[in-house]
Amino acid sequence: MLIVVCYDIAEDLRRRRVSDELENFGGRVQDSVFECHLEERQLKELQERLAGIIHEEDRLGYYPLCPKDALDIIVDGQGEPCRDWDYHIV
């Protein structure tokens, strides 16, 4: 399933750690927005890893898209939806 993950992290070091972790699971489409093609177990692993990084004042959003909706993503301007389904968890 396609999960759009976005975040608002208060502190630079934590923000970088969250970003680095998300790069293991998906592709960056904006500074604080990632598209991740994940199975249920991978989503749970991602959530557990990020929960170990963020603090109370931070915010993470996970937005699942159904397969039909994922195919209908429209991007205006630069860039395109992340279509690489072959991410490897490290």
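The rules behind these values
- Residues numbered from 1 in each chain as written.
- Predicted model: local features only at pLDDT ≥ 70, side-chain atom pairs only at ≥ 80, totals over all residues.
- Heavy atoms only, no water.
- Pairing = 2+ DSSP bridges.
- Helix = DSSP H or I, 4+ residues; strand = E, 2+ residues; numbered from the N terminus.
- Axes fitted to C-alpha atoms, helices over the stretch in contact; angles between N-to-C directions.
- Contact = heavy atoms within 4.5 Å.
- Salt bridge = Lys/Arg side-chain N within 4 Å of Asp/Glu carboxyl O.
- Buried < 20%, exposed > 50% of the residue type's maximum accessible area, 1.4 Å probe, protein only.

What to know about the sheet that holds strand β1 (residues 2-8)
Part 1: The antiparallel open sheet is built from four strands, whose spatial order is β2-β3-β1-β4. Looking at the sheet topology across the chains shown, the edges are occupied by β2 (27-30) and β4 (59-65). The mean angle between the axes of side-by-side strands here comes to 25°, regardless of whether they run parallel or antiparallel.
Part 2: With seven bridges connecting them, β1 and β4 associate as antiparallel partners. Within β4, the position partnered with Y7 by the bridge is L60.
Part 3: Set on the sheet, helix α1 (residues 12-23) makes contact with β1, β2, β3 (33-37) and β4; between it and β1 the angle comes to about 170°.
Part 4: The strands touched by helix α2 (residues 40-51) within the sheet are β1, β3 and β4, with β4 carrying the most contacts at an inclination of about 170°.

Quick notes on the pattern of salt bridges
Part 1: Counting across every chain of the model gives nine salt bridges.
Part 2: R14 is paired through a salt bridge with E57; the nearest N and O atoms lie 3.0 Å apart. Residue R14 is found in helix α1, and its partner E57 is found in the loop between α2 and β4; the two are separated by 43 residues along the sequence.
Part 3: Relative accessible area serves as the criterion here: at 9%, R14 is assigned to the buried category.
Part 4: A salt bridge links D20 to R16, with the shortest nitrogen-to-oxygen separation between them at 3.4 Å. Taken together, the positions of D20 and R16, both in helix α1 and four residues apart, correspond to about one turn of that helix.
Part 5: By relative accessible area, which is 33% here, D20 ends up partly exposed.
Part 6: When salt bridges that share partners are traced, they join E11, R14, E57 and D58 into one network.

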